[in-house]
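# Topology and contacts: notes
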Amino acid sequence: MSVSPVVQFWRNHGADTRTSVVLANHGIDTLQKLSEPTRRCFMAMPNMGKKSVAIIEDILMRNGMAMQRDAPHTTKSELWYAQELRRFGWTVTPPNDRA
């Protein structure tokens, strides 16, 4: 059984198998894409927990990057939904920027 190149990429950066597979399944295949979601957004992903988020933060830190900060009033489902829309090329306006 072969491992996907994206999963292998994250394994090479120090992620465990679970974290690597979740990232690959969400189309996160670069360090730049890894730095875009917030902690809440990651926690809203199926099979992503505190340990995986800690691994992601460690990978980003080792590469001189950081995770985006959470908006204090945005729910997990709003963040996850916004991320999914962005994956398909849609433009998303955060709740605090709406008129």
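Predicted model, so just to flag it, every value in this text is computed and none were measured.

## Side note on the environment of K51
Residue placement: K51 occurs in helix α5 (residues 50-62). A relative accessible area of 61% places K51 in the exposed class. The sequence separation of K51 and T19 amounts to 32 residues, and the corresponding C-alpha distance is 8.8 Å.

## Side note on the pattern of salt bridges
Scanning the entire structure with this criterion turns up three salt bridges. Put simply, K33 and D29 hold a salt bridge, and the shortest N to O gap is 3.1 Å. Look at K33 and you get partly exposed, because its relative accessible area is 35%. Among the residues examined, D29 registers a relative accessible area of 33% and is labelled partly exposed. As a salt-bridge pair, R39 and E57 come within 3.0 Å of each other at their nearest N and O atoms. Of the two residues, R39 is situated in helix α4 (residues 39-44) and E57 in helix α5; the sequence distance between them amounts to 18 residues.

## Re unusual backbone geometry
Non-glycine residue N47 carries a positive phi angle of around 70°. Within the secondary structure, N47 is located in the loop between α4 and α5. Taking the relative accessible area as the measure of exposure, N47 reaches 55% and is therefore exposed.

## Let's talk about the packing of helix α1 (residues 5-12) against helix α2 (residues 17-25)
Contact geometry for α1 and α2: axes closest at 8 Å, N-to-C directions at 135°. Judged by the angle between their axes, α1 and α2 are oblique. α1 and α2 meet at a crossing whose hand is right-handed. Residues V6, V7, W10 and R11 of α1 touch α2, and the partners they reach there are T17, S20, V21, L23 and A24.

## Some details on the packing of aromatic side chains
The tally for this structure, following the rule as stated, stands at one aromatic pair. Look at F9 and W10: their rings are 4.7 Å apart centre to centre, the planes differ by 75°, and that puts the pair in the edge-to-face class. Overall, F9 belongs to the partly exposed group, its relative accessible area being 28%. Residue W10 is classed as buried on the basis of its relative accessible area of 0%.

About the thresholds
Residues numbered from 1 in each chain as written. Predicted model: local features only at pLDDT ≥ 70, side-chain atom pairs only at ≥ 80, totals over all residues. Heavy atoms only, no water. Helix = DSSP H or I, 4+ residues; strand = E, 2+ residues; numbered from the N terminus. Buried < 20%, exposed > 50% of the residue type's maximum accessible area, 1.4 Å probe, protein only. Salt bridge = Lys/Arg side-chain N within 4 Å of Asp/Glu carboxyl O. Axes fitted to C-alpha atoms, helices over the stretch in contact; angles between N-to-C directions. Parallel < 35°, antiparallel > 145°, perpendicular 65-115°, else oblique. Left-handed = near helix turned anticlockwise from the far one by under 90°. Contact = heavy atoms within 4.5 Å. Phe/Tyr/Trp six-rings, centres within 6.5 Å; stacked < 30°, edge-to-face > 60°.

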